[in-house]
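Coordinate analysis (summary)
Below are the chains, spelled out letter by letter.
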Amino acid sequence: QAQLVESGGGLVQAGGSLRLSCAASGYTFSSLTMGWFRQAPGKEREFVAAISRSGASTYYTDSVKGRFTISRDNAKNTSYLQMNSLKPEDTAIYYCAAGTSGFIPSPRAPYNYWGQGTQVTVSS
């Protein structure tokens with residue numbers, strides 16, 4: 001029912017910044033727990049960050065803490081991932097995800113909707 005569309009990916013140099021957006025439709029946005037995942041070439045998809053329905057709670061994987069910030073604007077039906085101090089190892093396809101149940105944002109949570117992905121490439 002929910003459709004997610006990512007945007008904002010691109011090519012940046014190490015140390016640079018990028019802001020990803022995830023526009024959601026087809027579902028009451030404020031009822032969705034939102035998350036971001038990424039998948040690098042030859043690696044499994046990994047959890048990056050998540051945010052609760054109200055935005056009160058966030059969770060980050062250790063490798064991005066202090067550099068990435070997840071946020072949401074329920075009035076715009078959009079989730080964001082602000083990525084600063086980017087490293088080459090951040091290069092991956094980034095996916096927006098959403099869950100329709102009110103779970104605590106975490107890696108092992110029932111995300112049941114996914115976007116198509118947007119490529120982020122960080123050069124050194």
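How each quantity is defined
- Residues numbered from 1 in each chain as written.
- Predicted model: local features only at pLDDT ≥ 70, side-chain atom pairs only at ≥ 80, totals over all residues.
- Heavy atoms only, no water.
- Helix = DSSP H or I, 4+ residues; strand = E, 2+ residues; numbered from the N terminus.
- Rg over C-alpha atoms; globule rule 2.2 N^0.38 Å.
- Buried < 20%, exposed > 50% of the residue type's maximum accessible area, 1.4 Å probe, protein only.
- Contact = heavy atoms within 4.5 Å.
- Areas by Shrake-Rupley, 256 points an atom, 1.4 Å probe, with all protein chains shown as cover.
- Lys, Arg positive; Asp, Glu negative; His and termini not counted.
- Charge placed at Lys NZ, Arg CZ, Asp CG, Glu CD.
- Core = buried A, V, L, I, M, F, W, Y, C linked by side-chain atoms within 4.5 Å.
- Pairing = 2+ DSSP bridges.
- Axes fitted to C-alpha atoms, helices over the stretch in contact; angles between N-to-C directions.
- Salt bridge = Lys/Arg side-chain N within 4 Å of Asp/Glu carboxyl O.

Our focus in this paragraph is the overall build of the chain. Counting its regular elements, the chain contains zero helices and eleven strands. Ordered by position from the N terminus, the helices and strands of the chain form the series β-β-β-β-β-β-β-β-β-β-β. For 124 residues, the compact-globule estimate of 2.2 N^0.38 gives 14 Å, and the C-alpha radius of gyration of the chain, at 13 Å, lies within 12% of that figure. The C-alpha extent of the chain, read off along each of the three principal axes, is 40 × 25 × 25 Å. Here the chain, with 124 residues, has 46% of them falling under the buried criterion. For the chain, the share of sequence-separated contacts (at least 6 apart) that also reach a separation of at least 24 residues comes to 58%. For the chain, the accessible area works out to roughly 6000 Å², and carbon and sulfur atoms hold 47% of it. Computing the positive centroid from 11 side-chain charges and the negative centroid from 7, the chain places the two 5 Å apart.

Let's shift gears to the nonpolar core. Counting 29 residues, the largest nonpolar core has Met-34, Trp-36, Leu-81, Met-83 and Tyr-94 as its most contacted members. The next biggest cluster of nonpolar side chains, apart from the first, holds seven residues, and it includes Phe-47, Ala-97, Phe-103 and Tyr-111.

A separate point is the sheet that holds strand β3 (residues 18-25). Taken together, four strands build an open sheet; the order of strands is β1-β3-β8-β7 and the sheet is antiparallel. One side of each edge strand has no neighbouring strand; the edge strands of this open sheet are β1 (3-7) and β7 (68-73). The sheet shows a mean angle of 15° between the axes of neighbouring strands, taken without regard to direction. Where β1 meets β3, five bridges bridge the pair, whose relative direction is antiparallel. Paired with Leu-4 across the strands is Ala-24, a residue of β3.

Another aspect to go through is unusual backbone geometry. A positive phi is found at Asn-77, a non-glycine position, where the angle reads about 55°. Assignment of secondary structure puts Asn-77 in the loop between β7 and β8 (78-83). Its identity is not glycine, yet Ser-85 carries a phi of approximately 50°, on the positive side. You can see Ser-85 is positioned in the loop between β8 and β9 (92-99).

Taken as a whole and assessed by the stated rule, the structure comprises four salt bridges. Across the salt bridge formed by Arg-38 and Asp-90, the nearest N and O atoms sit 2.9 Å from each other. Highlighted residues: Arg-38 in strand β4 (residues 33-39) and Asp-90 in the loop between β8 and β9, separated in sequence by 52 residues. For Arg-38, a relative accessible area of 5% corresponds to the buried category.

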